[in-house]
Amino acid sequence: MQRAGIAGATGYTGYELIALIHRHPELEVGWLTSERSAGKRFNQIFSTPWDYPLIPLADAYLRTDEVDVVFLCLPHAESMEAVKRFYGAGVRVIDLSADFRLKDVDVYKRWYGVEHSAPELCAEARYGLCELFRSQLGGAQLIASPGCYPTSVNLGLYPLAKAGWLGERVIVDSKSGISGAGRKTTLPFQFVEANENITAYSVGHRHRHIAEMEQVLGAANGEGRDHRFLFTPHLLPVNRGILSTMYVEAPAGVTEERIRELYEENYEGEPFIHLLPAGEQASLAHTVGTNRCAIAITAADPMLPEGGEFVISASIDNLIKGGSGQAVQSYNIAVGLDETAGLE
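Here the residue numbers are simple positions, counted from 1 along each chain's written sequence. Confidence filtering applies because this is a predicted model: local features only for residues at pLDDT of at least 70, side-chain atom pairs given and counted only at 80 or more, and all residues used for totals across whole chains, interfaces and linings. Side-chain figures throughout are based on the complete set of non-hydrogen atoms in the structure, without hydrogens or water.

K.L.:
What's the story with the overall build of the protein chain in this structure? I'm lost.
P.N.:
Each helix and strand in the protein chain was counted, giving 12 helices and 14 strands. C-alpha atoms define the radius of gyration in this analysis, and the globule rule sets the expected value at 2.2 Å times the number of residues to the power 0.38. A globule of 344 residues ought to have a C-alpha radius of gyration of about 20 Å, and the protein chain, at 20 Å, matches this closely. A principal-axis box enclosing the C-alpha atoms of the protein chain has dimensions of 65 × 45 × 40 Å. A total of 344 residues make up the protein chain; the buried ones form 53% of that total. Within the protein chain, contacts between residues separated by at least 24 positions form 69% of all contacts whose residues are at least 6 apart in sequence. Residue burial considers only the protein chains on display, and all accessible areas are found by Shrake-Rupley using a 1.4 Å probe. Summed over its atoms, the accessible surface of the protein chain is roughly 14,700 Å², and 48% of this surface lies on carbon and sulfur atoms. Computed over 29 positive and 43 negative side-chain charges, the separation of the two mean positions in the protein chain equals 6 Å. In this text, helices come from DSSP runs of H or I with a minimum length of four residues, and strands from runs of E with a minimum of two, each type numbered from the N-terminal end. In this scheme, a residue with accessible area under 20% of its type's maximum is buried, one over 50% is exposed, and one in between is partly exposed, where area comes from a 1.4 Å probe on protein chains only. It only takes one pair of heavy atoms within 4.5 Å for two residues to be counted as in contact. Here Asp and Glu are counted as negative and Lys and Arg as positive; His is not counted, and neither are the chain ends. Charged side chains are reduced to one point each, which is NZ for Lys, CZ for Arg, CG for Asp and CD for Glu.

K.L.:
Before we go on, may I ask you to explain the pairing of strand β10 (residues 228-236) in this structure?
P.N.:
Within β10, seven of the nine residues are buried, which leaves it mostly tucked inside the rest of the structure. When DSSP finds two or more bridges between two strands, those strands count as paired. Two strands pair when backbone bridges link them, and strand β8 (residues 169-177) and β10 are joined in this way by nine bridges, in the parallel orientation. Pairing of Gly177 across the sheet is with Leu236, part of β10. In the sheet, strand β9 (residues 199-200) pairs with β10 via two bridges, with the strands oriented antiparallel. What sits directly across from Thr199, in β10, is Leu235.

K.L.:
Teacher, can you tell me more about the packing of helix α8 (residues 148-163) against helix α11 (residues 256-267) here?
P.N.:
Geometrically, a packed helix pair is captured by the angle between its two axes and the distance between the axes. Axis definition: a line fit to C-alpha positions, over the contact stretch in the case of helices; interaxial angles, taken between N-to-C directions, run 0 to 180 degrees. Close contact between α8 and α11 brings their axes to 10 Å; oriented N to C, the two are set at 105 degrees. In terms of their interaxial angle, α8 and α11 are classed as roughly perpendicular. Between α8 and α11, the contacting residues are Asn154, Leu155, Gly156, Leu157, Tyr158, Pro159, Leu160, Lys162 and Ala163 on the first element and Ile259, Leu262, Tyr263, Asn266 and Tyr267 on the second. Roughly parallel means an angle under 35 degrees; roughly antiparallel means over 145; roughly perpendicular covers 65 to 115; every other angle is labelled oblique.

K.L.:
Explain the nonpolar core here, please?
P.N.:
Side chains of a nonpolar character, in soluble globular proteins, are inclined to be buried together. With 70 residues, the main nonpolar core has Phe86, Phe100, Leu157 and Leu160 as its most contacted residues. If we skip the residues at most four places from it in the chain, Leu157 touches Leu166, Val170, Leu217, Phe229, Met246, Val248, Tyr263 and Ile312. Remark: nonpolar core denotes a set of buried residues (Ala, Val, Leu, Ile, Met, Phe, Trp, Tyr, Cys) joined through side-chain atoms within 4.5 Å. Residues Ala19, Val29, Trp50 and Leu137 belong to the second largest nonpolar core, which totals 31 residues.

K.L.:
Would you mind showing me how to read the pairing of strand β11 (residues 242-250) here?
P.N.:
Along any regular strand the residues' side chains alternate between the sheet's two faces. Pairing of β8 with β11 involves six bridges; the strand directions are antiparallel. Note that in β11 the partner of Ile171 across the bridge is Tyr247. Two strands pair when backbone bridges link them, and β11 and strand β14 (residues 308-316) are joined in this way by nine bridges, in the antiparallel orientation. Residue pairing for β14: Ser244 is matched across the bridge by Ala314.

K.L.:
Hey, could you run me through the sheet that holds strand β7 (residues 142-144) in this one?
P.N.:
Strands belonging to one sheet form pairs held by backbone hydrogen bonds; the direction of such a pair is parallel or antiparallel. Spatial strand order, β3-β2-β1-β4-β5-β7-β6: seven strands in an open sheet with parallel pairing. Each edge of the open sheet is held by one strand with a lone partner, namely β3 (54-55) and β6 (126-127). As judged from the five bridges shared by strand β1 (residues 2-7) and strand β2 (residues 27-33), these two strands associate in the parallel manner. Opposite Ile6, over in β2, you have Leu32 as the bridge partner.

K.L.:
Looking at this structure, I do not really get helix α7 (residues 130-137). What am I missing?
P.N.:
Given 3.6 residues per helical turn, the α-helix brings residues three or four places apart onto the same face. Every buried residue of α7 is accounted for by Cys130, Glu131, Leu132, Phe133 and Leu137. Downstream of α7 by one or two residues, Gly139 has phi in the positive range, about 75 degrees.

K.L.:
What is the right way to look at the pattern of salt bridges in this model?
P.N.:
Side chains that carry opposite charge are capable of pairing whenever their charged atoms lie near each other. Any carboxyl oxygen of Asp or Glu that lies within 4 Å of a side-chain nitrogen of Lys or Arg is treated as forming a salt bridge with it. With the rule as written, the count across this model stands at 16 salt bridges. The closest approach of N and O atoms between Arg258 and Glu265, which form a salt bridge, is 3.8 Å. Sharing partners across several salt bridges, the network here consists of Glu16, Arg240 and Asp317.

K.L.:
Is there a simple way to think about the packing of aromatic side chains in this case?
P.N.:
Each aromatic ring pair is characterised by the separation of its centres together with the angle its planes make. Between 30 and 60 degrees the pair is tilted, below 30 it is stacked and above 60 it is edge-to-face, where a pair is any two Phe, Tyr or Trp rings, Trp via its six-membered ring, whose centres lie within 6.5 Å. By the definition in use, this model includes 12 aromatic pairs. Residues Tyr15 and Phe42 carry aromatic rings whose centres are separated by 6.3 Å and whose planes lie at 25 degrees to one another, so their mutual orientation is stacked. In this pair, Tyr15 sits in helix α1 (residues 12-23) while Phe42 sits in helix α2 (residues 42-45), placing the two residues 27 residues apart along the sequence. With a relative accessible area of 24%, Tyr15 lands in the partly exposed category. Residue classification places Phe42 among the buried positions, given a relative accessible area of 0%. A centroid spacing of 6.3 Å and a plane angle of 65 degrees characterise the contact between Tyr263 and Tyr267, whose relative ring orientation is edge-to-face. Pair noted here: Tyr263 and Tyr267 are both in helix α11, with a separation of four residues, about one helical turn. Of the two residues, Tyr263 and Tyr267, neither departs from the other in class, the shared state being buried. Ring-pair connections join several aromatic residues into one group, and the members of that group are Tyr15, Phe42, Phe46 and Trp50. Comment: the charge-over-ring label is applied if NZ (Lys) or CZ (Arg) is within 6 Å of the ring centre and within 35 degrees of the ring normal. Sitting over the face of the ring of Tyr61, Arg85 holds its NZ or CZ atom 4.1 Å from the ring centroid.

K.L.:
Help me out: how do you make sense of the packing of α7 against helix α12 (residues 320-335) in this one?
P.N.:
Put simply, α7 and α12 touch, their axes get as near as 10 Å, and they point 30 degrees apart. As summarised for this structure, α7 and α12 are arranged roughly parallel, according to the angle between their axes. In the crossing of α7 with α12, the sense of the turn from one axis to the other is right-handed. The segment α7 lies against α12, with Cys130, Glu131, Arg134 and Leu137 engaging Lys321, Gln326, Gln329, Ser330, Ile333 and Ala334. In a left-handed crossing the near helix is turned counterclockwise from the far helix by less than a right angle, and in a right-handed crossing that turn is clockwise.

What follows is the structure, encoded as structure tokens:
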């Protein structure tokens, strides 16, 4: 049995990690950190029977010998020092922040507005989108877990990009449950503001997660193609879940049936990819509470037999497949376990 430390355990992803670890046959909780709630017990923060003490991160640095893996659920730009400390101590690290997802530190600075303090480790990090980069995750000691929006978009579009069928201009409309913003108390996330409402934000080419979409899909077919994303995320008045709807143009001669065959070839045997039958659309109900990604493929105009525009939709649970579940899945692969362990 291996032991896991969770840094930043009192956020939603931390809570989900503990729940998944409790179901995992080979993992148990070691220690939990929280800067704001250090000295309290976890069941004082959440209504749960999980009675774990919360310690400050500085104390966790002195207790690396008590854990085999550390999951970092820290804010962006705050994981760099923690990764250096834990990775340097020989502990496997799975970082759920954006700090090690991007290989180019100049791109990181452009989108996140800070200098990267550990650029040498960016080359060491493996991007934990398991279905696409499984071969790179075996034995990995530092894994950068993908963002929630890019997980839905990259899984939804990767087969097209790999085949060279994804056009330069890609329009993405995504909607996320409020938990995607974390446990914030700012006004837009208050019940009265968000309930019975839907709000777009970071419209166009502004959201930081675009960088992950460009990195993954641009390199998908080995030619370094550029894709221009018009990406509009929305705050949806539900607790959790993401639904991304992607509008693409395929080359002449490509039919919906051929695209469906392409996706089946790419995702054959994938335990967490759910390709929906023709005519069925992806919904939050397909995936909330699971580590699955549901994908639907639709010709935009049924009167056009081939080529033209297609709509690809993908849904995930932002806290599981878009967060903690994916982190556990990549851990399973890294240590040689069945990747579904604790996730079914």
